[in-house]
Amino acid sequence: MKQYLALCQRIVDDGVWIENERTGKRCLTVINADLTYDVANNQFPLITTRKSFWKAAIAELLGYLRGYDNAAQFRAIGCNTWNANANDNQAWLDNPHRKGADDMGRVYGVQGRRWQKADGTVIDQLKKIVDDLTKGIDDRGEILTFYNPGEFDMGCLRPCMHTHTFSLLGDTLYLTSAQRSCDVPLGLNFNQVQVFTLLALMAQITGNKPGQAYHKIINAHIYEDQLPLMRDEQLTRAPFASPQLIINPKITSLEDLETWVTLDDFEVVGYEHHAPIQYPFSV
Ligand SMILES: Nc1nc(=O)c2c([nH]1)NC[C@@H]1CN(c3ccc(C(=O)N[C@@H](CCC(=O)O)C(=O)O)cc3)CN21
Ligand SMILES: O=c1ccn([C@H]2C[C@H](O)[C@@H](COP(=O)(O)O)O2)c(=O)[nH]1
């Protein structure tokens, strides 16, 4: 939690105002942030200086792992975060690749589970990684990447947290996640939860122990309409200790994640937090 607040303070103190053409807003921006989450000791990096809707963040991750491409699928598992990008962005509404209401196009999970090859066949990146890690193999290329420049025009948004690299040292699993662009008040709140949970889940289903998760962010920003709430409200609050994430131990395979897992299989214990803050969202 302290590293999150330190990043927010750094943006407030040292950030540079940058015009963003896509949203038409200015962002106070810094380059490069490295966050570490202690998954081995279950220090769940949930924001405590406001109420965090962690279940929606885990639902979003579950949707990516299942290869979802439609905001209605995300809503059905308890996540509303894709409604706006799928349905309210004029450039995407005008895009001939959009297949109708709620379609997100070829983003995130589509690339992770069904990366299209030139010969028409597909690559399931996630399954290859799970199979290797289950056998104790780390070929130094256990990489799940959603970043497919050849298909950016076929999706509603380029992936932000785009590449997850898994590493095995003995039977301890590590994760390094790379993010090109980060909405620190809204998105990072979710992304921290997702990096932690992805390592915890992958360790559990491959029979390994979780180690540390490393989260590398390139462009970290606060939108101009979020700044007063962050600077004058959230940053004045004292953080509480980290809660713990409890995952149903019956989840033991990728197929479990794909078929029966719901948000009821995740529980957070010891979550003390301040009052909610509603940050403006930029489409
Ligand atoms: N500008 C922007 N910021 C983002 O963080 C973001 C995007 N766009 N587009 C794609 C996804 C969607 N994400 C989102 C979208 C909405 C919330 C959000 O509204 N969060 C609220 C309430 C969540 C809830 O009630 O479930 C929050 O207070 O955290 C968070 C992340 C993250 N990404
Ligand atoms: O997981 C996510 C997804 C998105 N974001 C934020 C980062 C930016 O504010 C926008 C994306 O805009 P681009 O113009 O494509 O950079 O969404 C996030 O923080 N986390």
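Residues numbered from 1 in each chain as written. Chains lettered and ligands numbered in written order. Predicted model: local features only at pLDDT ≥ 70, side-chain atom pairs only at ≥ 80, totals over all residues. Heavy atoms only, no water.

The protein carries the name Thymidylate synthase in an unreviewed UniProt entry, which gives Photobacterium phosphoreum as its organism. The annotation that UniProt attaches to the protein under Pathway (unreviewed entry) is "Pyrimidine metabolism; dTTP biosynthesis." Under Catalytic activity (unreviewed entry), UniProt gives the following word-for-word description of the protein: "dUMP + (6R)-5,10-methylene-5,6,7,8-tetrahydrofolate = 7,8-dihydrofolate + dTMP". (UniProt positions renumbered as here; feature names shortened; annotations may be inferred.)

Visitor: Help me out: how do you make sense of the overall build of the protein in this one?
Guide: A tally of helices and strands in the protein yields 10 helices and 10 strands. The C-alpha radius of gyration of the protein comes to 18 Å, within 12% of the 19 Å expected for a compact globule of 283 residues. In terms of principal-axis extent, the alpha carbons of the protein reach across some 50 × 45 × 35 Å. Looking at the protein as a whole, 52% of its 283 residues are labelled buried. Long-range pairs, those at least 24 residues apart, make up 69% of the contacts in the protein between residues at least 6 apart in sequence. Positive and negative charge centroids in the protein, built from 27 and 34 side chains respectively, lie 0 Å apart. (Helix = DSSP H or I, 4+ residues; strand = E, 2+ residues; numbered from the N terminus. Rg over C-alpha atoms; globule rule 2.2 N^0.38 Å. Buried < 20%, exposed > 50% of the residue type's maximum accessible area, 1.4 Å probe, protein only. Contact = heavy atoms within 4.5 Å. Lys, Arg positive; Asp, Glu negative; His and termini not counted. Charge placed at Lys NZ, Arg CZ, Asp CG, Glu CD.)

Visitor: For this particular structure, what's the right way to read the UniProt feature "active site" (unreviewed entry) in the protein?
Guide: Mapped onto the present numbering, the UniProt feature "active site" (unreviewed entry) falls on Cys160. Relative to the elements of secondary structure, Cys160 occurs in the loop between strand 5 (142–145) and strand 6 (161–169). A relative accessible area of 18% means that Cys160 is categorised as buried. For Cys160, the contacting residues outside a window of four places in its chain are Tyr108, Ala178, Gln179, Arg180 and Ser181.

Visitor: In this structure, what is going on with helix 7 (residues 125–134)? I would like to understand it.
Guide: For helix 7, every residue scored as buried is listed here: Gln125, Leu126, Ile129, Val130, Asp132 and Leu133. One face of helix 7 carries all of its buried residues, which in axial projection span an arc of 165 degrees. Sitting at the amino-terminal end of helix 7 is Asp124, which places a side-chain oxygen 3.3 Å from the backbone nitrogen of Leu126. At the exit of helix 7 stands Gly136, carrying a positive phi of roughly 80 degrees. (Arc of directions from axis to C-beta. Polar contact = N/O pair within 3.5 Å; in protein donor to acceptor, adjacent residues only side chain to side chain.)

Visitor: Before we go on, may I ask you to explain the site of ligand 1 in this structure?
Guide: In the neighbourhood of ligand 1, 15 residues make up the surrounding shell, with Arg50, Asn85, Asp183, Gly187 and Ser282 lying closest. Here an oxygen atom of ligand 1 sits 2.8 Å away from a polar atom, N or O, in the side chain of Arg50. Asn85 places a side-chain nitrogen or oxygen 2.7 Å from a nitrogen atom of ligand 1. For ligand 1, whose free accessible area comes to 660 Å², the fraction covered by protein is 79%. It is helix 8 (residues 187–206) that contributes the most residues to the shell around ligand 1, 3 residues altogether. Of the residues contributing to the shell around ligand 1, the split by class is 8 nonpolar, 5 polar and 2 charged. (Near = heavy atom within 4 Å. Areas by Shrake-Rupley, 256 points an atom, 1.4 Å probe, with all protein chains shown as cover. Nonpolar A, V, L, I, M, F, W, Y, C, P; charged D, E, K, R; others polar.)

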